[in-house]
Each structure stands twice: as structure tokens, then as C-alpha cells.
Amino acid sequence: GKTSVVLQCAIDAASTGCKVLIACPIGALVSVYRQQMPPGLDIVVETMHSSFRITRKADAQYIPPGRLRHFDLIIFDECSQPEDHSWREMRTALRELSPGPFVVFVGDFQQLQPIRGASLLKSTLVAQAQTGHLRHVELRQHPFARCTDPPMLQFLTYVRERQPTRGMLAAFFQG
């Protein structure tokens, strides 16, 4: 449901003349947006890494976020996924845009987390919300909308990080 809301918000903003950037953590989500995007609107959809010119350390060369100044609205979808080093670079770029575009973070920190480490982005957003420096809307799901089965959650956590063996799959799915 979040993706549909993000898409409609971007379309509404672009329809009023705003230049919109939707930044996604992975290319597959970029493709989903591009397939659903109506033609003729000033909406750019890219990966977060491409939008903010985030590179590997071996290729690192900080590039100021000049092209980001052209956007009126930047939407980060699935903001629970960026790893800490990526968020640090995005945060630096956003600070340099001040005054800058309206920035929206959309994500479910209980659904998807970074592959490695804790989420620095989450702790940054929580701290800003607690001090009143961040306007936020928290949507609450129906209790039956989220799995609470411990074996299922343990399995899902494992397969996000590693390839399960055939034996593990057979055991989990009971043959």
C-alpha cells in the first residue's frame, strides 16, 4: 500500500508543477514505479545511490548535490533499507540543500532493515521526531496484518542474509 500512496502523492505534486524525485533503495522498486508512472509528468525515479551519487569507497569522490536543488519534493521510499554509510552521505547532501526541497521518508522499520548493521537513519528520524524537528505520520496496521510467528520470523531473517540449504527449506516447509 505504501508504494501506491507514494506514487499518487508524486503524481499530485507533479500535476501542480512540482519537480519530484522518488529515491528507492533497489532497482527493482525503481522499475515498479516507472511501469506505473503516467507520461508527461516531471517525476524522476532513481535508486538512492544514483540520486545522491553514492559510490564504493574505492571510487569515492564527494560530489555536491547540485542537481538535487532542481527538485521541489524528494521522496525516499523504503527508507528502512539504506545502510549507515549511504545514509551519512545522503544526510550530508540534504544539509547542503538547505533551504531545499520538501523531503519525505516512507518506510516500515519492522518490515525491512538494512542488510548489515542497525539503522542510523531510523535513529536519526526517531530523535528528530522526539525533539519536534520532524513532522511525521505513523500509520498503524491491523494486528492480523503482521506475522508474529517466531519460527517464520527467524526463517525470514535468516534468508535475507544467507542462502538456505535444501535441507533447511525442506525442514521449514515440512517436505
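Residues numbered from 1 in each chain as written. Predicted model: local features only at pLDDT ≥ 70, side-chain atom pairs only at ≥ 80, totals over all residues. Heavy atoms only, no water.

Enquirer: So what's going on with the nonpolar core? Which residues, and what values?
Expert: By size, the foremost hydrophobic cluster in this structure holds 18 residues, and its most contacted members are Val20, Ile22, Tyr33, Ile43, Val45 and Ile75. Elements with a contribution of two residues or more to this core: helix H1 (2–15), strand S1 (20–24), helix H2 (27–36), strand S2 (43–47) and strand S3 (73–77). Top contributing element to this core by residue count: H1, with six residues. Not counting the four nearest positions on each side in its chain, Ile75 is found in contact with Val6, Ala10, Val20, Leu21, Ile22, Ala23, Val104 and Val106. Judged by nonpolar contacts, the second largest core, of 16 residues, contains Phe71, Phe76, Met90 and Leu121. (Core = buried A, V, L, I, M, F, W, Y, C linked by side-chain atoms within 4.5 Å. Buried < 20%, exposed > 50% of the residue type's maximum accessible area, 1.4 Å probe, protein only. Helix = DSSP H or I, 4+ residues; strand = E, 2+ residues; numbered from the N terminus. Contact = heavy atoms within 4.5 Å.)

Enquirer: Please give an account of the packing of H1 against H2 that cites residues and values.
Expert: Packing of H1 against H2 brings their axes to within 11 Å, and their N-to-C directions diverge by 55°. Comparing their axes, H2 and H1 come out oblique. You can see that H1 and H2 cross each other, and the crossing is right-handed. Side by side, H1 and H2 meet where Thr3, Val6 and Leu7 of the first sit next to Leu29, Val32, Tyr33 and Gln36 of the second. Residue composition of the contact of H1 with H2, grouped by class: five nonpolar, two polar and no charged. (Axes fitted to C-alpha atoms, helices over the stretch in contact; angles between N-to-C directions. Parallel < 35°, antiparallel > 145°, perpendicular 65-115°, else oblique. Left-handed = near helix turned anticlockwise from the far one by under 90°. Nonpolar A, V, L, I, M, F, W, Y, C, P; charged D, E, K, R; others polar.)

Enquirer: Break down the pairing of S1 for me, citing the residues and quoting the values.
Expert: Judged by how many residues are buried, S1 sits mostly within the fold: five of five residues are covered. On S1, burial covers both faces: Val20, Ile22 and Cys24 on one face and Leu21 and Ala23 on the other are all buried. Pairing geometry for S1 and S2, over five bridges, is parallel. By the bridge assignment for S2, Ala23 is matched with Glu46. Bridge count for S1 against S3 is four bridges, and the pairing is parallel. Each residue of the ladder has a partner; that of Leu21, found in S3, is Ile74. (Pairing = 2+ DSSP bridges.)

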